[in-house]
Amino acid sequence: MYKRIAAGIQAIGHRAIDGIWRLGCAARFFILVLLKSTTSFLRFGLVIREIYFVGVLSLIIILVSGLFVGMVLGLQGYETLQKYGSESAVGTLVALSLVRELGPVMSALLFASRAGSAITAEIGLMKATEQLSAMGMMAVDPVARVVAPRFWAGVISMPLLAALFSVMGVFGGYLVTVVFIGVDEGAFWSSMQNAVDFRYDIVNGVIKSCFFGVAVAAIAVFEGFDAPPTAEGVSGATTRTVVTSALAILGLDFVLTAFMFRGVD
Amino acid sequence: MQRTIMDFWVGLFVLAGMVSLLILGLKVGNLTSYNTGESYTLFGNFENIGGLKVRAPVKSAGVVVGRVTDIQFSLETYDAVVTMDINSFYRFPKDTFASILTSGLLGEQYIGLSPGGDEEMLEEGDKIMKTNSAMVLEEMIGRFLFDKAAED
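A quick note: this is a predicted structure, and the numbers were derived from the prediction, not measured.

Trainee: Is there a simple way to explain the side chain of Ser166 of chain A in this structure?
Mentor: The topology assignment puts Ser166 of chain A in helix H7 (residues 142-181). Non-local contacts of Ser166 of chain A, meaning those with residues more than four positions away in its chain, are made with Leu98, Val99 and Gly103 of chain A together with Leu24 of chain B.

Trainee: It is not clear to me how the packing of helix H1 (residues 2-35) of chain A against H7 of chain A should be interpreted in this structure. Could you clarify?
Mentor: Relative placement of two packed helices is described by the angle separating their axes and the distance separating the axes. Residue and element names in this part refer to chain A. Where H1 contacts H7, the two axes come as close as 9 Å, and the packing angle between them is 95°. Judged on the interaxial angle alone, H7 and H1 are roughly perpendicular. Across from Phe29, Phe30, Leu32, Val33 and Leu34 in H1, the residues of H7 making contact are Val143, Val147, Ala148, Phe151 and Trp152. Looking at side-chain class alone, the contact of H1 with H7 contains 10 nonpolar, no polar and no charged residues.

Trainee: What is the right way to look at the sheet that holds strand E6 (residues 109-114) of chain B in this model?
Mentor: Within a sheet, adjacent strands bond to each other through the backbone by hydrogen bonds, running parallel or antiparallel. All names here are of chain B. A sheet is described by the order of its strands in space; here eight strands give the open sequence E7-E1-E4-E3-E2-E6-E5-E8, paired in mixed fashion. Of all the strands in the sheet, just strand E7 (126-128) and strand E8 (130-132) have a single pairing partner and so form its edges. For this sheet the average axis-to-axis angle between neighbouring strands, irrespective of direction, equals 30°. Inspection of the sheet shows strand E5 (residues 97-102) paired to E8 by three bridges, in the parallel sense. Note that in E8 the partner of Ser99 across the bridge is Asn132.

Trainee: Explain the UniProt feature "transmembrane region" (unreviewed entry) in chain B to me, please; I cannot follow it from the model alone.
Mentor: Feature annotation in UniProt places "transmembrane region" (unreviewed entry) on residues 6-26 of chain B, given in this structure's numbering. Between the end C-alpha atoms of residues 6-26 of chain B the distance is 30 Å, and the span holds 100% helix and 0% strand.

Trainee: I would appreciate a short explanation of the UniProt feature "transmembrane region" (unreviewed entry) in chain A in the present structure.
Mentor: Residues and elements named next belong to chain A. UniProt marks residues 51-73, 158-181, 202-222 and 242-261 with the feature "transmembrane region" (unreviewed entry), using the numbering shown here. Taken as a whole, residues 202-222 contains 100% helix and 0% strand, while its terminal C-alpha atoms sit 30 Å from one another. Segment residues 242-261 splits into 95% helix and 0% strand. End C-alpha atoms: 27 Å apart.

Trainee: Where do I start with the pattern of salt bridges in this structure?
Mentor: Proximity of charged atoms lets side chains of opposite charge pair with each other. All names here are of chain A. The full count for this structure, using the stated rule, is 12 salt bridges over all chains. Note that Arg22 and Asp226 form a salt bridge whose closest N and O atoms lie 2.3 Å from each other. Highlighted residues: Arg22 in helix H1 and Asp226 in helix H9 (residues 198-226), separated in sequence by 204 residues. Residue Arg22 is classed as partly exposed on the basis of its relative accessible area of 26%. Among the salt bridges present, the one from Arg49 reaches Glu50, with a minimum N-O distance of 3.8 Å. Residue classification places Arg49 among the partly exposed residues on the basis of a relative accessible area of 37%. A relative accessible area of 5% places Glu50 in the buried class. Connected through salt bridges with shared partners, the residues Arg22, Glu223, Asp226 and Arg240 form a single ionic network.

Trainee: Hey, could you run me through the nonpolar core in this one?
Mentor: Soluble globular proteins tend to pack their nonpolar side chains together in the buried interior. Counting residues in each nonpolar core, the largest one holds 72 residues, and the members touching the most others are Phe151 and Met192 of chain A together with Phe13 of chain B. For this core, the element with the highest residue contribution is H7 of chain A, accounting for 19 residues. Among residues more than four places away in sequence, those in contact with Phe151 of chain A are Phe30, Val33, Leu34, Val214, Ala217, Ala218 and Val221 of chain A. With 21 residues, the next largest nonpolar core counts Ile49, Val58, Ala98 and Ala134 of chain B among its residues.

Trainee: I'm lost on the interface of chain A and chain B in this one. Help?
Mentor: By a frequent convention, interface size equals the accessible area lost on bringing the separate parts together. Taken residue by residue, the interface counts 31 residues in chain A and 26 residues in chain B. Between chain A and chain B, roughly 2600 Å² of surface is buried when both sides are summed, and carbon and sulfur atoms account for 77% of that area. Contact with chain B buries surface across chain A, with Tyr52, Leu160 and Phe198 of chain A losing the most and accounting together for 22% of the total. The interface formed by chain A and chain B contains zero salt bridges. Counting the contacts that link chain A with chain B gives one residue pair in polar contact (both at pLDDT 80 or more). For the side of chain A that touches chain B, the secondary-structure elements that each account for two or more residues are helix H3 (44-54), helix H5 (90-128), H7, helix H8 (185-195) and H9 of chain A. Looking at side-chain class alone, the side of chain A that touches chain B contains 22 nonpolar, five polar and four charged residues.

Thresholds, definitions, all that
- Residues numbered from 1 in each chain as written.
- Chains lettered and ligands numbered in written order.
- Predicted model: local features only at pLDDT ≥ 70, side-chain atom pairs only at ≥ 80, totals over all residues.
- Heavy atoms only, no water.
- Helix = DSSP H or I, 4+ residues; strand = E, 2+ residues; numbered from the N terminus.
- Contact = heavy atoms within 4.5 Å.
- Axes fitted to C-alpha atoms, helices over the stretch in contact; angles between N-to-C directions.
- Parallel < 35°, antiparallel > 145°, perpendicular 65-115°, else oblique.
- Nonpolar A, V, L, I, M, F, W, Y, C, P; charged D, E, K, R; others polar.
- Pairing = 2+ DSSP bridges.
- UniProt positions renumbered as here; feature names shortened; annotations may be inferred.
- Salt bridge = Lys/Arg side-chain N within 4 Å of Asp/Glu carboxyl O.
- Buried < 20%, exposed > 50% of the residue type's maximum accessible area, 1.4 Å probe, protein only.
- Core = buried A, V, L, I, M, F, W, Y, C linked by side-chain atoms within 4.5 Å.
- Buried area = accessible area lost by both parts, 1.4 Å probe.
- Polar contact = N/O pair within 3.5 Å; in protein donor to acceptor, adjacent residues only side chain to side chain.

Set out below in structure tokens:
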């Protein structure tokens with residue numbers, strides 16, 4: 001009995017130490033990537049190539065999801081607001097919730113599952129097929145040549161994707177409430193412009209998506225680089241990227257929101 | 001894929017992202033009405049500011065002419081000192097009346113400026129002398145009940 005409790009506590013301790021050790025590895029790897037990113041800025045073609053795979057190819061899912069999220073927000077907002085006779089405020093509702101929260105968070109979640117998983121799988125497979133070691137043999141640093149461009153591509157793409165998501169969402173809300181339901185167009189835009197402050201709402205949303213971009217890209221490249229060089233290891237790393245990124249995005253979002261929007265006075 | 005085609009798509013993507021930020025600023029946000037330009041500061045002492053908040057609009061005849069930038073409690077006069085930034089484009093006479101009003105029945109509170117007839121204009125750092133506090137519902141009900149009791 002006594003021994004079993006001790007073994008249980010030991011298992012908890014083991015897992016905790018393992019987790020902290022991995023976190024430390026990830027932090028050191030992150031700093032290593034930052035230190036070795038000079039090459040990716042000197043040879044910007046490498047980053048552009050990755051932006052194509054990470055950003056441009058994610059466009060379709062981002063744009064379509066943004067449109068539908070905006071349309072649903074418009075419908076639901078109208079449904080509730082018209083009970084109070086203030087259906088013109090639906091523009092405010094759609095724009096504020098998209099610009100502040102849904103735009104950055106939803107696009108980051110989509111980005112993690114669409115692009116983050118691809119980055120992890122690619123780097124993991126390169127490691128499993130010993131391409132990374134081959135690069136090392138040829139005196140090409142794999143962190144500078146493979147990891148850093150992918151990291152920066154993710155960081156650059158994320159805010160742009162979030163902005164596109166928000167714009168598509170606002171357009172979707174406009175489509176449903178003004179064009180289909182028939183809310184007054186002038187009231188829709190003017191109430192929106194009255195409520196959305198450029199510095200307070202939009203800039204803060206962009207700052208949020210920058211943080212998410214760094215988090216998702218860092219997790220994706222670390223998981224890929226750290227994956228055990230087997231088929232099973234790569235698949236596990238890909239799953240971990242999506243799960244960890246999602247948790248990191250939601251946790252970061254809470255912290256950032258608490259700092260940004262807890263009321264000014 | 002050819003390098004040039006890839007460059008083209010990435011360029012398009014970055015441009016689209018920038019344009020959507022611009023749309024967010026101009027069409028969704030209030031960047032058009034943002035005066036990065038000149039503004040001057042006015043102060044006003046209010047007995048009670050009710051629910052007035054920093055960043056609340058300052059309006060005259062319903063037009064937004066500035067914003068509340070700071071609200072402090074004054075230990076000298078024991079009332080609230082409200083700092084307002086007014087767009088330099090709009091000038092008001094010295095005897096302008098500032099009152100805290102509510103937009104709609106449950107709307108947010110703002111400062112309404114009603115200009116007087118003075119020849120001299122308010123300058124940077126001036127204090128608005130004539131102010132009217134926010135209406136506090138409890139006080140109004142109290143006064144109403146008091147009047148009722150006095151009638152009987």
